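# Chains, contacts and geometry: an overview
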Amino acid sequence: MAKDNQKKQRLKKKLLHKYRLVILNEDTFEERVSFKLTRLNVFVLTTFSILLLIVLTTFLIAFTSLREYIPGYSSTELKTKAIELNEKIDSLQQVRVRDSIYMASIRNVLTGEIKSESINKDSLYESFKVDSEELNLTANKQDSLLREEVAEEDKYNLFETATSKVNYVLFPPIKGDITQEYNPKEKHFAIDIVAPKDTPVKATADGTVIFSEWTVSTGYVLIIEHPNNLISVYKHNATLTKQQGDLVTAGEVVATVGNTGELTTGPHLHFELWSEGYSVNPTSYIDFKL
């Protein structure tokens, strides 16, 4: 027991024994600064300094932008941008897939590389008109009241307005003799119509030009997209008067007959019709006779 007390006394004496830390001028040995220290004071001061350093480092990492320079940490702004970029990439992938499908369809139209399908001759006509028998045309009370109100408003109108229902009609691009008929078995998904060079080629229906370029095999080619998923194709033209994105109306001049491209034997129009992605015989819907 006495030995334990002696050990404690010696430890206490070591911890509380005072030392003097003196800073001298090396040349003159003049005392500049001096500190009275004990081992306990040094231990406490060192521990406190370490804890303070840990706290400051934690604060800098957690609450300042310095943490962005430490591997493994990222800012909220960076995460937000990453999420936005990920969403844009996903959208661009969807657009790319859609454009790939669209361009594949156009390529099939240009090259004719598509399986022939048996299509009902009257199916195209049915898609261009509305069967009035399937519509409920019975007048109701609200309709009658609305008609009376409109009639009163237009009683003194200087201009008469009227609406008429017109069936969808395909306009012949040119008229002339057909030198090669539609033959899907030989992958000739079109008809060839002979006409003098520079004869105006007209749009078969209202629509939007989706292709207007030069191709090696078929020369100047024009493709128009019409309502009801109908596409018309005009090949071997001498010139094109419309560009991609232009809106055209039925009967409007879009090109001139020519003899361009490798797969041609003289001035003529190579005319194709595609419905729902499948080729159809243009002579079933258009009269090309003079």
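Because the structure is predicted, anything quoted here is derived from the model rather than measured.

Criteria and thresholds
- Residues numbered from 1 in each chain as written.
- Predicted model: local features only at pLDDT ≥ 70, side-chain atom pairs only at ≥ 80, totals over all residues.
- Heavy atoms only, no water.
- Phe/Tyr/Trp six-rings, centres within 6.5 Å; stacked < 30°, edge-to-face > 60°.
- Helix = DSSP H or I, 4+ residues; strand = E, 2+ residues; numbered from the N terminus.
- Buried < 20%, exposed > 50% of the residue type's maximum accessible area, 1.4 Å probe, protein only.
- Core = buried A, V, L, I, M, F, W, Y, C linked by side-chain atoms within 4.5 Å.
- Contact = heavy atoms within 4.5 Å.
- Patch = residues over 30% accessible without salt bridge, like charges linked within 9 Å, V, L, I, M, F, W, Y side chains within 5 Å.
- Areas by Shrake-Rupley, 256 points an atom, 1.4 Å probe, with all protein chains shown as cover.
- Salt bridge = Lys/Arg side-chain N within 4 Å of Asp/Glu carboxyl O.
- Lys, Arg positive; Asp, Glu negative; His and termini not counted.
- Charge placed at Lys NZ, Arg CZ, Asp CG, Glu CD.

What the rule picks out here adds up to four aromatic pairs. Summarising the aromatic geometry, the rings of Phe189 and Trp274 are spaced 5.8 Å apart at their centres and angled 45° between planes, so their arrangement reads as tilted. Taken together, the positions of Phe189 in the loop between strand 3 (177–180) and strand 4 (191–194) and Trp274 in strand 11 (residues 268–275) put the pair 85 residues apart, joining distant regions of the chain. The exposure class of Phe189 is buried, given its relative accessible area of 3%. Residue classification places Trp274 among the buried positions, given a relative accessible area of 3%. Consider the rings of Phe271 and Phe288, whose centres lie 6.0 Å apart with planes at 65°: the pair is edge-to-face.

Soluble globular proteins tend to bury their nonpolar side chains together. Judged by nonpolar contacts, the single largest core of 34 residues is most densely connected at Val201, Ile223, Ile224, Tyr234, Val254, Phe271 and Leu273. Secondary-structure elements contributing two or more residues to this core are strand 4, strand 6 (207–215), strand 7 (219–226), strand 8 (230–240), strand 10 (253–257) and strand 11. Leave out the neighbours within four places in its chain, and Val254 touches Val201, Lys202, Ala203, Leu222, Ile224, Leu240, Thr241, Lys242 and Val248.

With that out of the way, let us pick up a nonpolar patch on the surface. A contiguous nonpolar patch, built from Leu11, Leu15, Leu16, Leu40, Phe43 and Val44 and spanning about 540 Å² of accessible area, is present on the exposed surface. Breaking the nonpolar patch down by element, the ones donating at least two residues are helix 1 (2–16) and helix 2 (39–63). For Val44, the position within the fold is in helix 2. A relative accessible area of 47% means that Val44 is categorised as partly exposed.

Once that is clear, we can look at the pattern of salt bridges. Within this structure, the stated rule accounts for four salt bridges. Measuring nitrogen to oxygen at the nearest pair gives 3.9 Å for the salt bridge that ties Glu30 to Arg32. A salt bridge links Asp198 to Lys197; the nearest nitrogen and oxygen atoms lie 3.5 Å apart. Taking relative accessible area as the criterion, Asp198 reaches 46% and is therefore assigned partly exposed.

Judged by side-chain charge, Lys3, Lys7, Arg10, Lys14 and Arg39 come together as a positively charged surface patch. It is helix 1 that contributes the most residues to the positive patch, four residues altogether. Locating Lys7 in the fold gives a position in helix 1.

Before going further, it helps to spend a moment on the environment of Lys13. Within the fold, Lys13 resides in helix 1. C-alpha separation for the pair Lys13 and Thr38, spaced 25 residues apart in sequence, amounts to 9.9 Å.

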